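A look at the structure
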Amino acid sequence: MNTNKRRSTTGRQRLSAAVALSAVLALTATACGDDGSGGGGDKGADGSGTGKIVFWDNNGGVRTDVWKEIIADFEKANPDIDVEYVGIASTEYQSKVDTAIQGGGLPDVGGVGAAMLAGFAAQEALEPLENRLTGSSLNGKLNDDMIESLKAAGDSERLYSVPTSANNGVLYYRTDLFEKAGLDEPTTWDAFYEAAEKLTNAGKNEFGYTIRGGAGSIAQALDAMYGQSGITSFWDASGEKTTVNDPKNVEALEKYAALFKKVTPAADLNNDFTKMVAQWDSGTIGMLNHNLGSYQDHVKAFGADKFRGIPQPVGTGGKRVQVSNPVDGLGLFKSSKNKDAAWKFIEFAAGHESNSKFNQSAGQVPANLDAAKDPWVSEAEPTKLAAQALTDGSTTIVQLPYYLPDWNTISKADNEPNFQKVLLGKMSAKDFCDTLAEQLNEAQAEWNEQHG
């Protein structure tokens, strides 16, 4: 009991420090010419349903072109609404929104995926959307599982984001290199490790695998850990202690991290997904773990006949276990002065034509049920295989605790540097897992205390 109280206090101290930092950053942004629009506490207004709205893309650069197409289509169908597009890199998006919540300058609409939803909702920055959805043309047209995932990611049964797509972990491999080496498809972890070693010739700059050591590394490492260990729940039976530091997961991380510089490029230490994908597309690396989002990049680089994208490998028991990949969506910020126009944009973007266009470009699974039936879905093999793996009973999903307001901080700022230490041999896999587990157990204890 006393332990939980200490953890709760520590969690609140960390949250207070984060809010204080956000406030300082917000004041800096204001001094630099913030546009003065609403912050997190502003209740906004429905507005006239016409005029200007601002949209923040949470994967700017990567998805800018397709969003500009969708915006052009929307403005043609709604000539009395003007959409200002702002593309923000995925690695910078959360901090930019958090700063705007504290100091003003939030957009009307923004990308709000499951991983960030809890933090934004906890600050009361998002407008509940279930009533708007029920009364719209989207009612009954969106994937129920994706809607439920976004509800579960928040702190209640309210819907704070309209789903646009689901991503899934994919193992991409070079079929031409595998065939040349006489290797079997890496459908098991044993085959994966064998291929990683056999395809490596560092002297010729040939490597079997590229590991993600920079931004976004933790989710990929967790996928490899749970995929090998076969553990199927993030929490133990009590719901209070994480399984992250279970000995089987520690052993799996040791084996996975040992790949660095042995069968991977040294540059992997600092690679985020864009650098990792670009490196794979331009080099002679055998395998890459990413998601459906980079499929089109690989087609451009190799053509469709020199690689495949398959579901994650299965473990020794023939069972596939993977961690959840967050559902992405669009949120309406409560401070918007033009909510009706903003909702029209969300409704249009999640509609059949736009949602199909977006997901075909991204190579992801559409949230719109009609878009999911479009021919391109079955023609894009990784998307087709991912959808099958998620629905045919072959895959167990370990749900990550997106509902914890501290999740993003713990899984990014707190532990990405530690993972790099593991890769460099400066921190043991056990110490990494124990540190991560302690922080997660503390956040869970605070959550249970507040919601129990």
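Residues numbered from 1 in each chain as written. Predicted model: local features only at pLDDT ≥ 70, side-chain atom pairs only at ≥ 80, totals over all residues. Heavy atoms only, no water.

You'll find the protein entered in an unreviewed UniProt entry as ABC transporter substrate-binding protein, with Streptomyces flavalbus given as the organism.

**Some points on the packing of aromatic side chains**
What counts, and what does not: Aromatic rings from Phe, Tyr and Trp, with only the six-membered ring used for Trp, were paired whenever their centres fell within 6.5 Å, and each pair was classed as stacked if the ring planes differed by under 30 degrees, edge-to-face if by over 60, and tilted otherwise. What counts as a helix is a DSSP run of H or I of at least four residues, what counts as a strand is a run of E of at least two, and both are numbered from the N terminus. Each residue is assigned to one of three classes by its accessible area relative to the maximum for its type, calculated with a 1.4 Å probe on protein chains only: buried under 20%, partly exposed between the two thresholds, exposed over 50%. In this scheme, Lys NZ or Arg CZ marks a charge over a ring once it lies within 6 Å of the ring centre and within 35 degrees of the ring normal.
For the structure on display, the rule yields 25 aromatic pairs. For the pair phenylalanine 74 and phenylalanine 348, a centre-to-centre distance of 5.4 Å together with 65° between the ring planes defines the contact as edge-to-face. Of the two residues, phenylalanine 74 sits in helix H2 (residues 64–77) while phenylalanine 348 sits in helix H13 (residues 339–349), which places them 274 residues apart along the sequence. With relative accessibility at 25%, the residue phenylalanine 348 sits in the partly exposed group. Aromatic pair tryptophan 189 and tyrosine 193: ring centres 6.3 Å apart, planes at 40°, arrangement tilted. Of this pair, tryptophan 189 and tyrosine 193 both sit in helix H8 (residues 189–198), 4 residues apart, which is roughly one turn of the helix. One exposure class covers both tryptophan 189 and tyrosine 193, and it is buried. Put simply, the rings of Phe55, Trp67, Phe74, Tyr85, Phe345, Phe348 and Phe358 touch in pairs and so form one group of aromatic residues. Positioned over the ring face of tyrosine 193 is lysine 255, at 4.4 Å from the centre of the ring.

**Things to note about helix H6 (residues 144–153)**
As a reminder of what qualifies: In this description, one arc is meant: the one made by directions from the helix axis to the C-beta atoms. Two residues form a contact once any of their heavy atoms are found within 4.5 Å.
When H6 is considered as a whole, its buried residues turn out to be Met146, Ile147, Leu150, Lys151 and Ala153. All buried residues of H6 project into a common sector of 165° when viewed along the axis, lining one side. In H6, the exposed positions angled more than 90 degrees off the buried face are occupied by Asp144, Asp145 and Ala152. At its buried positions, H6 is contacted by helix H4 (114–122), helix H5 (130–134), strand S4 (162–166), strand S10 (327–332) and strand S11 (365–366).

**Considering the sheet that holds strand S7 (residues 284–291)**
The following threshold applies: Two strands form a pair only when DSSP identifies at least two bridges running between them. Only C-alpha atoms enter the line fits that serve as axes; for helices the fit covers just the stretch in contact. Angles between N-to-C directions range over 0 to 180 degrees.
The mixed open sheet is built from 4 strands, whose spatial order is S6-S7-S5-S8. Since the sheet does not close on itself, it has two edges, and those belong to strand S6 (206–210) and strand S8 (307–311), each with one partner. In this sheet, neighbouring strand axes are inclined to one another by 20° on average, regardless of whether the strands run parallel or antiparallel. When S6 meets S7, the two strands line up parallel, connected through 4 bridges. Looking at S7, one finds that glutamate 206 is bridged to threonine 284. Seen against the sheet, helix H12 (residues 295–302) touches strand S5 (169–174), S7 and S8 and runs at an angle of roughly 160° to S8.

**Section: the sheet that holds strand S2 (residues 81–87)**
Read from one edge of the open sheet, 6 strands run S2-S1-S3-S10-S4-S11, paired in mixed fashion. With partners counted over all chains shown, the strands left at the sheet margins are S2 and S11, one partner each. Inspection of the sheet shows strand S3 (residues 109–111) paired to S10 by 3 bridges, in the antiparallel sense. Bridged to glycine 111 within S10 is leucine 330. Packing against the sheet, helix H14 (residues 352–362) makes contact with S4 and S11, and its axis sits at approximately 35° to S4.

**A look at unusual backbone geometry**
Not every positive phi belongs to a glycine, and glutamate 124 is a case in point at roughly 55°. Note on placement: glutamate 124 falls in the loop between H4 and H5. Accessibility expressed as a relative area gives 53% for glutamate 124, which makes it exposed. Phi is positive for asparagine 205, which is not a glycine, with a value near 60°. Position of asparagine 205 among the secondary structure elements: in the loop between H8 and S6.

**Side note on the pairing of S8**
Among the 5 residues that make up S8, 4 are buried, leaving the element largely enclosed by the rest of the structure. In this sheet, S8 lies alongside S5 in antiparallel orientation, the contact comprising 5 bridges. Along S8, the bridge assignment pairs arginine 174 with phenylalanine 307.

**Examining the pattern of salt bridges**
Opposite charge on two side chains makes pairing possible when the charged atoms of those side chains draw close. We count it as follows: Note on definitions: salt bridges are taken to be side-chain nitrogens of Lys or Arg within 4 Å of carboxyl oxygens of Asp or Glu.
Under the criterion given, the structure shown has 14 salt bridges. With its nearest N and O atoms 3.1 Å apart, the salt bridge here joins aspartate 46 to arginine 132. On the criterion of sequence distance, the pair formed by aspartate 46 in the loop between helix H1 (2–31) and strand S1 (51–57) and arginine 132 in helix H5 is long-range, its members being 86 residues apart. Of the charged contacts, one joins arginine 308 and glutamate 185 as a salt bridge, the two residues approaching to 2.4 Å between their closest N and O atoms. Taken together, the positions of arginine 308 in strand S8 and glutamate 185 in the loop between helix H7 (175–181) and H8 put the pair 123 residues apart, joining distant regions of the chain. With relative accessibility at 26%, the residue arginine 308 sits in the partly exposed group. One continuous salt-bridge network, built from bridges that share partners, spans Asp46, Arg132 and Asp340.

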